[in-house]
Amino acid sequence: MEEVGAQEVSAVEEVAEVKRVPVESNNGRKPEGGGPRNSVFTWFMVLALLGVWSSVAVVWFGLVDYDSVIARARQFRGNFSEVLQGKLRAYDADRDGDFDVEDAKVLLGLAREGTSGDSTESLEEVLDILAEEGSDWFYGFFTFLFDVVTSPVEKGEEEEREEAAEVVDEKKHLTAKREKLEKDDVPGLTAEDDDAAVPLPPPSEEEFVPDDSSKHSVLDEHPYEDKLNTIDTKGELVEESQPQETLEESGPYEDQSGSQYIHKPASEPEPHTEPSSEPQSQGEQESAAEPQAEPAASESTGSVSEQPEEKLIDKVKKKKPKLLNKFDKTIKAEIEAADKLRKKGIAEEAVRAFEALVQQYPHSPRCRYGKAQAEDDMAEKKRSNEMLQKAINTYREASELPSATPDLVRASLKRRAERQQFLGRMRGALATLEKLVQIFPEDLSLKNDLGVSYLLLGDNHSARRVYEEVLAVAPDDGFAKVHYGFILKSENKIAESIPYLREGLESGDPGTDDGRFYFHLGDALQRVGDNSVSYTHRHTHTLPPSITVLSVLQAYEWYARGHQRGHFASVWQRSLYNVKGLRAQPWWTPQETGYTDLVKALEKNWRVIRDEALSVMDTSTGLFLPEEENLREKGEWGQFTLWQQGRKAGEACRSVPRTCSLLERYSEATGCKRGQIKFSVMQPGTHVWPHTGPTNCRLRMHLGLVIPKQGCKIRCTNDTRVWEEGKVLIFDDSFEHEVWQDSDSYRLIFIIDVWHPELSQHQRQVLSPI
């Protein structure tokens, strides 16, 4: 028993000794002395408990007003957001009024405007561009974004200092570069720069070359009728908007087989906001002209129908022009902010903004070009010829600055020429285009525009020379081909014109899909056709002898394609100046027109009218002038005009006073700005080719005065009729019609054009003359 007790005491002592073994501290050192030993964890726990109890005390006793703290935080966030958005709004790429993630994607190259993908450059390349083109603040901001989106890497203190020094050096470099450019009169550009300056010929002392007042521009007679609230080409303001009208710019001729030319630009060098009329429904367009009979295009020839639609669509994707030189890139944000006002249609503010930029940076071509654009928009909005002339002068100033980029020179001068043409300054536009061709001799599109300018002046010889030069270098240029074919046809070289017109249309090149060229190709094919068999005989058994199998199988095929392309109301009705929705039929009765009083007055007084016409014919003054529209295949056809485009010919009316006095009672005739009133005499052996008038806005009355008993007839579509003395025939001359005079004596009629009865008084007032 004693032994067991001794063993227990011994075990207790051993355990006590084990407990007294000193424990090493965390750092491996024994504590000196026998004082208390504390670990880091213990202190951490103590501090954590103090923090918890402190938080409880703050909440319990309400020591802090958390509502005011949160309100201040929200206020700071709102103010910071407003400031940040104010800075970033200038970089609103998607134009939604603020800067957001989508804008950042566009500016970083992760997406393009209007798309949602297509990264074209790495982030590093984007930042290099921003370092060169953007502002200092903008570059710093996107440097921060780049650091956020890239994967994190550990950087030593030395590496971070080097990167910070590089950013500071870059900022200093940009600042010094900008200050130097602002101080220099002309930014220094080297020959290696992509945007090198273009050498210009010596500037002209005059602001524009004045036109020859002895020659009237064709644009004087045909303003741009497809624009609303626009400027009349004669320099007279259009007081009210135009009625809805389809327009293919053709020549100022009564019948469309003439050789004069008017140009509709194929494209704009720069986006230009202009008001336009609302499109009518498809049903209204379809009902605009329903012919009574229409020739069916043959499927056997395949010369038109087999042509793919894609060939008639513009195939060239235009590269975005580089309008900024080195200096303009440093003020890009300011230019874009002003240009944004212009694109939003705030023309007045845009003009003021660009004027301030021009005053601040007088040697900036892009600022001056933007000022010209804003003035251009202001002229359109205010319908001010004075402001438009100011824009024309500013375009010239922008192009003549020594540091202007080639693309800016081209855009400025092209727009200047277009606006000069719009104002009827044809010779000034010609001088501008000649300068463009001198600066850019290899640009064939500019030569094509120069050829059009010659055509507008009626200088077909010079236009022909230009297009021959283009075709010698680019024999497949469709634009040059159709215009060269047009010139050949105007010179009555009908057969030679056909391949150029056909191949030009088949090319589908920009500027070729034009109703005039479809019209002239079909007209040329009609005139050179095989006269052995007639199309109408095969299909209706009422064939006019001049319309043949070849002319219909090819000519009417091209007319059908022109109709399909929207240039013609129908295959028969091929006028180019049309108001949609008007009733369309080839022949009319007096009751259908509503002009029964005029018809009755003409038929009642036909002998008086005839006698005055015969008295004029008997004189030797040559008052009857020969037809000059190239409409005759053979024979003699003379005309004596009393009213033209709603204007009375005073000298002519003094020769036939009773006739003019009678007509002055009927404004539907004398006020018809798209028609004529005239005597027409046709000698035996005369044949007038099939042709159409220029517009569906009028109807034509024929009063028979001296009609031979046989041999005189007129066809409109496939319905042929004859005149009677003292009776009025009424037809719509926008439909194809043809005339034969195979009698043994002259035929004399009186032609009176009247407004289409469905045109409103407002439309009659605002439609431009033809």
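Remember, predicted model here, so these are calculated numbers, not experimental data.

Colleague: Any chance you could break down the overall build of the protein for me, citing the residues and the numbers?
Modeller: A tally of helices and strands in the protein yields 29 helices and 15 strands. For the protein, with 770 residues in total, the buried portion stands at 46%. A separation threshold of at least 6 residues defines the contact pool for the protein, and within that pool the share at least 24 residues apart is 70%. If you sum the accessible surface of the protein, you get close to 39400 Å²; carbon and sulfur atoms cover 52% of it.

Colleague: Before we move on, can you summarise the side chain of Thr512 with the specific residues and values?
Modeller: Summarising the element assignment, Thr512 is placed in the loop between helix H19 (494–507) and helix H20 (515–527). Side-chain polar atoms of Thr512 contact the backbone oxygen of Asp509, separated by 2.6 Å. Non-local contacts of Thr512, meaning those with residues more than four positions away in its chain, are made with Gly478, Phe479, Val482, Gly504, Leu505, Ser507 and Phe517.

Colleague: Describe the pairing of strand S9 (residues 686–691), with residues and values.
Modeller: Burial of S9 is extensive: six of the six residues sit out of reach of the surface. Of the pairings in the sheet, the one linking strand S5 (residues 632–634) to S9 comprises two bridges and is antiparallel in character. Each bridged residue has a counterpart across the sheet, and for Lys634 the counterpart in S9 is His687. Sheet analysis places S9 next to strand S14 (residues 737–741), joined by four bridges and oriented antiparallel. What sits directly across from His691, in S14, is His737.

Colleague: Any details on the nonpolar core? Residues and values, ideally.
Modeller: Counting residues in each nonpolar core, the largest one holds 43 residues, and the members touching the most others are Leu598, Leu602, Leu642, Phe679, Met701, Leu705 and Phe750. Those residues in contact with Phe750 that sit more than four places away from it in its chain are Leu602, Ile609, Leu642, Thr659, Leu663, Ile677, Lys678, Phe679, Met701, His702, Leu703 and Leu705. Among the nonpolar cores identified, the runner-up in size contains 40 residues, and Ile494, Tyr556, Phe568 and Ile714 belong to it.

Colleague: Lay out the state of the cysteines in plain terms, naming residues and giving numbers.
Modeller: For the structure on display, the rule yields one disulfide. For Cys653, the disulfide goes to Cys660, at an S-S distance of 2.2 Å. Here Cys653 and Cys660 share a disulfide; its torsion about the S-S bond, -80°, makes the bridge left-handed. Overall, the relative accessible area of 5% leaves Cys653 in the buried class. Cysteine Cys697 shares no disulfide, and the gap to the nearest cysteine sulfur, in Cys672, comes to 8.5 Å. We classify Cys697 as buried; its relative accessible area is 0%.

Colleague: So what about the packing of aromatic side chains? Which residues, and what values?
Modeller: Under the defined criterion, the tally for this structure stands at 11 aromatic pairs. Ring geometry for Trp587 and Phe731: centres 5.6 Å apart, planes at 50°, overall tilted. In this pair, Trp587 is assigned in strand S3 (residues 587–588) and Phe731 in strand S13 (residues 728–731), connecting sequence segments 144 residues apart. For the ring pair Phe640 and Phe679, a centre distance of 6.4 Å and an interplane angle of 10° mean the geometry is stacked. With Phe640 in strand S6 (residues 637–644) and Phe679 in strand S8 (residues 676–682), this pair connects stretches of sequence that are 39 residues apart. Here Phe640 and Phe679 have matching classes, each one buried. Ring pairing ties together the aromatic residues Tyr556, Tyr559, Phe568 and Trp572, which thus form one cluster. The ring of Phe440 is capped by Arg410, whose NZ or CZ atom sits 4.2 Å from the centre of that ring.

Colleague: I'd like to hear about the pairing of strand S11 (residues 712–716), residue by residue, with values.
Modeller: The element S11 is largely enclosed, with a buried count of four among its five residues. For S11 and strand S12 (residues 719–721), the ladder comprises three bridges, and the chain directions are antiparallel. By the bridge assignment, Cys716 is partnered in S12 with Asp719. Hairpin connection from S11 to S12: two residues lie between these consecutive antiparallel strands, with Thr717 at a positive phi of about 55°.

Colleague: Let's hear about the environment of Arg366: which residues, and what values?
Modeller: Checked against the element boundaries, Arg366 lands in helix H12 (residues 365–382). In this structure the C-alpha to C-alpha distance between Arg366 and Lys329, which are 37 residues apart in sequence, comes to 9.5 Å. Residues in contact with Arg366, not counting those within four places in the same chain, are Leu323, Leu324, Asp328, Ile335, Asp339, Gln373 and Leu408.

Colleague: Any chance you could break down the pattern of salt bridges for me, citing the residues and the numbers?
Modeller: In total, this model carries 39 salt bridges according to the counting rule given. Across the pair Glu355 and Lys390 runs a salt bridge, and its minimum N-O distance is 3.9 Å. Of this pair, Glu355 sits in helix H11 (residues 347–360) while Lys390 sits in helix H13 (residues 385–400), placing them 35 residues apart in sequence. Residue classification places Lys390 among the partly exposed residues on the basis of a relative accessible area of 36%. In this structure, the salt-bridge partner of Arg419 is Glu380, at a minimum N-O distance of 3.0 Å. Of this pair, Arg419 sits in helix H14 (residues 406–422) while Glu380 sits in helix H12, and the two are 39 residues apart along the sequence. The exposure class of Arg419 is buried, given its relative accessible area of 3%.

Colleague: Break down the packing of H13 against H14 for me, citing the residues and quoting the values.
Modeller: H14 packs onto H13 with a crossing angle of 155° between their chain directions and a minimal axis gap of 8 Å. Between H13 and H14, the angle is such that the two are roughly antiparallel. At the point where H13 passes H14, the crossing takes the left-handed sense. The segment H13 lies against H14, with Leu388, Ile392, Tyr395, Arg396, Ala398 and Ser399 engaging Leu408, Val409, Ser412, Leu413, Arg415, Arg416, Arg419, Gln420 and Phe422. Residues that form the contact of H13 with H14 fall into these classes: eight nonpolar, three polar and four charged.

Colleague: I'd like a rundown of the confidence of the model for the protein, residues and numbers included.
Modeller: On average, residues of the protein score 74 in pLDDT, and 58% of them are at 70 or above. Confidence drops under pLDDT 50 across residues 21–31; counting only partners more than four residues distant or on other chains, this segment forms six contacts.

Colleague: Mind laying out the sheet that holds S5, listing which residues take part and the relevant values?
Modeller: With antiparallel pairing, the five strands of this open sheet are ordered in space as S5-S9-S14-S11-S12. Strands at the two margins of the open sheet, each flanked by one partner only, are S5 and S12. Ignoring which end each strand starts from, the neighbouring axes of this sheet average 20° apart.

Cut-offs used in this document
Each residue is numbered by its place in its chain's sequence as written, counting from 1. Residue-level local features of this predicted model are given only where pLDDT is at least 70; pairs of side-chain atoms are given and counted only at 80 or more, and the full residue set underlies all totals for whole chains, interfaces and linings. Each side-chain value is derived from all of the structure's non-hydrogen atoms; neither hydrogens nor water enter the calculation. In this description a helix means any DSSP run of H or I spanning at least four residues, a strand means any run of E spanning at least two, and both kinds are numbered starting from the N terminus. Note on exposure labels: buried denotes an accessible area under 20% of the residue type's maximum, exposed denotes more than 50%, and partly exposed covers the range between, all computed with a 1.4 Å probe on protein chains only. Contacts were defined at the residue level, with two residues in contact if any of their heavy atoms lie within 4.5 Å. Note that accessible areas follow from Shrake-Rupley with a 1.4 Å probe, and for residues the cover is restricted to the protein chains shown. Residues adjacent in sequence count toward polar contacts only when both atoms are side-chain atoms; beyond that, a polar contact is any pair of N or O atoms within 3.5 Å, and within protein one must be able to donate a hydrogen and the other to accept it. Strand pairing follows a simple DSSP-based rule, namely that at least 2 bridges must link the two strands. What is meant by a nonpolar core is a set of buried Ala, Val, Leu, Ile, Met, Phe, Trp, Tyr and Cys residues, joined one to another through side-chain atoms within 4.5 Å. Cysteine sulfur atoms that pair up within 2.5 Å are treated as a disulfide. Between 30 and 60 degrees the pair is tilted, below 30 it is stacked and above 60 it is edge-to-face, where a pair is any two Phe, Tyr or Trp rings, Trp via its six-membered ring, whose centres lie within 6.5 Å. By definition here, charges over rings are those cases where NZ of Lys or CZ of Arg is within 6 Å of the ring centre and within 35 degrees of the ring normal. Basic side-chain nitrogens of Lys or Arg form a salt bridge, by our definition, when they fall within 4 Å of a carboxyl oxygen of Asp or Glu. Simply put, an axis is a line fit to the C-alpha atoms, just over the touching stretch for a helix, and the angle between two N-to-C directions goes from 0 to 180 degrees. Roughly parallel means an angle under 35 degrees; roughly antiparallel, over 145; roughly perpendicular, 65 to 115; everything else is oblique. When the near helix sits turned anticlockwise from the far one by under a right angle, the crossing is termed left-handed; a clockwise turn instead gives a right-handed crossing. Charged residues are taken to be Asp, Glu, Lys and Arg, nonpolar residues to be Ala, Val, Leu, Ile, Met, Phe, Trp, Tyr, Cys and Pro, and polar residues to be all remaining types, Gly included. Each residue gets a pLDDT score, which is the predictor's confidence in that residue and runs from 0 to 100.

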